[in-house]
Amino acid sequence: MTTTKAARELRAETVIDAPAAHVWALLTDFGQLAQWSPETVRMVPLKPGGLRVGQWYLGINRRKAVFWPTRSVVADVEPERRLVWDTASSGAQWIWELTPDADDARRTQVVHRRPVPGALSLGSRIVAPLLLGGNEAHADELEQGMATTVAGLKAAAEG
């Protein structure tokens with residue numbers, strides 16, 4: 001399968017002048033995460049038990065006047081290191097990786113990635129061209145939004 005520009009891995013990263021524990025606490029406060037993200041309006045847990053592998057989240061997303069829901073399932077949680085959720089409605093996986101600086105534990109490298117392990121879902125391939133400016137344009141916008149979200153996390157952690 002050829003990877004389209006829309007299905008390419010999107011990426012944003014930074015180094016934050018704060019320990020991984022502090023960055024993790026902010027990252028996993030999904031109310032704050034939604035404040036930094038240009039597209040995420042809200043993430044709501046759908047099952048009891050808090051943040052854990054197998055937890056479902058309802059994501060409410062927006063782009064201009066268009067709103068849509070997603071259901072994501074947490075695939076991996078390594079506190080202060082890694083958070084991954086799969087979004088079946090798009091075919092995407094959302095990954096956050098935190099790496100403490102080897103020379104200064106008060107600094108943390110943060111990498112936010114969005115690979116598409118298989119292919120974009122049929123729903124994404126239909127909805128994005130109709131409502132989101134096209135798959136490739138939306139992927140570009142998502143990557144810019146990821147950079148904005150990472151910058152918001154950095155500002156909050158360092159502020």
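Residues numbered from 1 in each chain as written. Predicted model: local features only at pLDDT ≥ 70, side-chain atom pairs only at ≥ 80, totals over all residues. Heavy atoms only, no water.

Trainee: I'd love a proper account of the nonpolar core, names of residues and values included.
Mentor: Counting 28 residues, the largest nonpolar core has V23, W85, W96 and L153 as the members making the most contacts within it. Counting residues per element, the ones that place at least two in this core are strand 1 (10-16), helix 1 (20-27), helix 2 (30-36), strand 5 (82-87), strand 6 (92-100) and helix 4 (135-158). The element best represented in this core is helix 4, accounting for six residues. Beyond its immediate sequence surroundings of up to four residues, W85 is in contact with F30, L33, M43, S72, V73, V74, A75, A92, Q93, W94 and W96. (Core = buried A, V, L, I, M, F, W, Y, C linked by side-chain atoms within 4.5 Å. Buried < 20%, exposed > 50% of the residue type's maximum accessible area, 1.4 Å probe, protein only. Helix = DSSP H or I, 4+ residues; strand = E, 2+ residues; numbered from the N terminus. Contact = heavy atoms within 4.5 Å.)

Trainee: Explain the packing of aromatic side chains to me, and be specific about the residues and the numbers.
Mentor: Using the criterion set out here, one finds two aromatic pairs in the structure. An angle of 85° between the planes, with centres 5.0 Å apart, marks the rings of F30 and Y57 as edge-to-face. Of this pair, F30 sits in helix 2 while Y57 sits in strand 3 (residues 56-63), and the two are 27 residues apart along the sequence. Since its relative accessible area comes to 6%, Y57 is described here as buried. Ring-pair connections join several aromatic residues into one group, and the members of that group are F30, Y57 and W85. Over the aromatic face of W56 sits the side chain of R71, whose NZ or CZ is 4.3 Å from the ring centroid. (Phe/Tyr/Trp six-rings, centres within 6.5 Å; stacked < 30°, edge-to-face > 60°. Lys NZ or Arg CZ within 6 Å of the ring centre and 35° of its normal.)

Trainee: Lay out the pattern of salt bridges with the relevant residues and their values.
Mentor: Evaluated as defined, the whole model comprises 13 salt bridges. Between E13 and R11 there is a salt bridge; the shortest N-O distance is 2.8 Å. For E13, a relative accessible area of 42% puts it in the partly exposed group. Judged by its relative accessible area of 39%, R11 falls in the partly exposed class. One salt bridge in this structure joins R82 and D76, with 2.8 Å as the shortest N-O distance. Take D76: its relative accessible area is 22%, and that puts it in the partly exposed class. (Salt bridge = Lys/Arg side-chain N within 4 Å of Asp/Glu carboxyl O.)

Trainee: If you had to explain the confidence of the model for the protein to someone new, which residues and values would you point to?
Mentor: Counting all residues, the mean pLDDT for the protein is 87, and 84% of those residues have values of 70 or more. Mean pLDDT values over the elements of the protein span from 54, in helix 3 (residues 122-131), up to 98, in helix 1. (pLDDT = per-residue confidence, 0-100.)

Trainee: Mind laying out the pairing of strand 1, listing which residues take part and the relevant values?
Mentor: Because side chains alternate across strand 1, one face comprises the buried residues L10, A12, T14 and I16, and the other comprises R11, E13 and V15, none of which is buried. Taken together, the seven bridges between strand 1 and strand 7 (residues 108-114) define a ladder with antiparallel strand orientation. In the strand pairing of strand 7, E13 is matched with V111. (Pairing = 2+ DSSP bridges.)

Trainee: Please set out the side chain of N61 residue by residue, giving values where relevant.
Mentor: Along the chain, the position of N61 falls in strand 3. A polar side-chain atom of N61 sits 3.4 Å from a polar atom in the side chain of T70. Those residues in contact with N61 that sit more than four places away from it in its chain are E39, T40, V41, V66, F67, W68, P69 and T70. (Polar contact = N/O pair within 3.5 Å; in protein donor to acceptor, adjacent residues only side chain to side chain.)

Trainee: Which residues make up the sheet that holds strand 3, and what are the values?
Mentor: In space, the seven strands of this open sheet follow the order 1-7-6-5-4-3-2, with antiparallel pairing throughout. Because the sheet does not close on itself, it has two edges, and the strands there are strand 1 and strand 2 (40-45). With direction set aside, neighbouring strand axes in the sheet form an average angle of 20°. Taken together, the six bridges between strand 4 (residues 66-78) and strand 5 define a ladder with antiparallel strand orientation. For V74, the partnering residue across the bridge sits in strand 5 and is W85. Sitting on the sheet, helix 1 touches strand 1, strand 4, strand 5, strand 6 and strand 7, and the angle it makes with strand 6 is about 155°. (Axes fitted to C-alpha atoms, helices over the stretch in contact; angles between N-to-C directions.)

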